[in-house]
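Summary of structural features
Here is what each chain is made of, one letter per residue.
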Amino acid sequence: MPLIRASVESSKFNQQANLPFQLRLADFEIAMRDVYDFFFDVNTLLLERGLYRLDDMLRPAAMSGMVSDMLTASMAKHARSLVENKHFNGHPDLIVQGRYANNSVKAGTDGVEIKSTRKKGGAVDTHGAREQYMCVFVYQTDHKTEPAINREPMRFTEVYLAHVVPDDFRRNPRGDLGTRTATLDRDGVQKLRANWIYLLTDNKGA
């Protein structure tokens, strides 16, 4: 059985979504397609050589980080007013073109932070509670179907985008060697889900 290429369902986008910085639904759709094409091409090559799919080789955190970076790069190419933040590990990932010197800022406010997670509903950990536009792509992967050639491709199931503030977060305690993180609290998650961009199901992460 040939490898399956995931597809974006255009009818599942929210035509009433509030999009900042002149973003368009097409920007999200193209970015998702770019990720799907990458995984299809790479996994086809890997399976032809008798190797594991990329989805199966990567640890969840590495997978989410890579997907986030790919989405950021793709959206920066297609968005009308946003570019990639050139500051290493700078925040947010996408910033308004020309707003900061050399399109580089350690911690800015004018832009969109891109996150991806397998957690249904979009409650993703962040490195700090701050005011920001947060965009969360939720994806699912198939690691159970056998043989692996028959597994479903990685697929985005939910996309959310909302303006959040520090009070929308709860702080997560960590041990001496851990990095303190923050996650949207119940009200913050509801704010995020209220402005859904793409939804394959009707429960909005409930």
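What you are looking at is a predicted structure, and each value in this text was computed from that prediction instead of being measured.

With that settled, the discussion passes to the overall build of the protein. Looking only at helices and strands, the protein features 4 helices and 9 strands. The C-alpha atoms of the protein give 17 Å as radius of gyration, which agrees with the globular expectation for 206 residues (17 Å, within 12%). Sorting the 206 residues of the protein into buried and exposed places 48% on the buried side. Nonlocal contacts in the protein, meaning residues at least 24 apart in sequence, comprise 54% of its contacts between residues at least 6 apart.

A sheet is described by the order of its strands in space; here 6 strands give the open sequence β1-β2-β3-β5-β6-β9, paired in mixed fashion. Each edge of the open sheet carries a strand with a single partner, namely β1 (82-84) and β9 (196-199). Direction aside, neighbouring strands of the sheet carry axes that sit 20 degrees apart on average. Two elements, strand β6 (residues 155-164) and β9, share 3 bridges in a ladder whose sense is antiparallel. Among the inter-strand pairings, V159 is bridged to a residue of β9, identified as Y198. Strands in contact with helix α3 (residues 60-78) are β1, β2 (94-96), β3 (111-117), β5 (132-140) and β6; relative to β3, the strand with the most contacts, it is inclined by about 145 degrees.

Attention shifts here to the packing of helix α1 (residues 25-48) against α3. Two measures define how a pair of helices packs: the angle their axes make with one another and the distance between the axes. Taken N-terminus to C-terminus, the directions of α1 and α3 make an angle of 130 degrees; their axes are 9 Å apart at the nearest point. In terms of orientation, α1 lies oblique with respect to α3. Relative to α3, α1 is oriented so that their crossing is right-handed. The segment α1 lies against α3, with D27, F28, I30, A31, M32, D34, V35, F38 and F39 engaging M63, M66, V67, M70, L71, S74, M75 and H78.

Okay, the pairing of β5 next. Most of β5 is tucked away: 7 of the 9 residues are buried. As judged from the 6 bridges shared by β3 and β5, these two strands associate in the parallel manner. Following the sheet pairing, V112 is matched in β5 by Y133.

What follows concerns the nonpolar core. Counting 35 residues, the largest nonpolar core has F28, F137, M154 and F156 as its most contacted members. Of all the secondary structure elements, the ones that give two or more residues to this core are α1, α3, β2, β3, β5, β6 and β9. With 8 residues, the single largest contributor to this core is α1. Those residues in contact with F156, other than ones at most four positions away along the chain, are M32, V35, Y36, V67, L71, F137, V138, Y139, Y198 and L200. Counting 14 residues, the second largest nonpolar core, distinct from the first, contains M134, V138, Y160 and W196.

Taken as a whole and assessed by the stated rule, the structure comprises 6 aromatic pairs. Taking the centre distance of 4.7 Å and the plane angle of 50 degrees together, the rings of F13 and Y198 count as tilted. Linking F13 in the segment before α1 with Y198 in strand β9, this pair joins segments that are 185 residues apart in sequence. Just as F13 is buried, Y198 falls in that class too. Between F137 and F156 the ring centres are 5.7 Å apart and the planes differ by 65 degrees, which places this aromatic pair in the edge-to-face class. Of this pair, F137 sits in strand β5 while F156 sits in strand β6; the two residues are 19 residues apart in sequence, bridging distant segments of the chain. For the pair F137 and F156, a shared accessibility class is recorded, and that class is buried. Through successive ring pairs, a cluster of aromatic residues spans F28, Y36, F137 and F156. Lying over the aromatic face of F40, R5 brings its terminal NZ or CZ to 3.9 Å of the ring centre.

Analysis parameters
- Residues numbered from 1 in each chain as written.
- Predicted model: local features only at pLDDT ≥ 70, side-chain atom pairs only at ≥ 80, totals over all residues.
- Heavy atoms only, no water.
- Helix = DSSP H or I, 4+ residues; strand = E, 2+ residues; numbered from the N terminus.
- Rg over C-alpha atoms; globule rule 2.2 N^0.38 Å.
- Buried < 20%, exposed > 50% of the residue type's maximum accessible area, 1.4 Å probe, protein only.
- Contact = heavy atoms within 4.5 Å.
- Pairing = 2+ DSSP bridges.
- Axes fitted to C-alpha atoms, helices over the stretch in contact; angles between N-to-C directions.
- Parallel < 35°, antiparallel > 145°, perpendicular 65-115°, else oblique.
- Left-handed = near helix turned anticlockwise from the far one by under 90°.
- Core = buried A, V, L, I, M, F, W, Y, C linked by side-chain atoms within 4.5 Å.
- Phe/Tyr/Trp six-rings, centres within 6.5 Å; stacked < 30°, edge-to-face > 60°.
- Lys NZ or Arg CZ within 6 Å of the ring centre and 35° of its normal.

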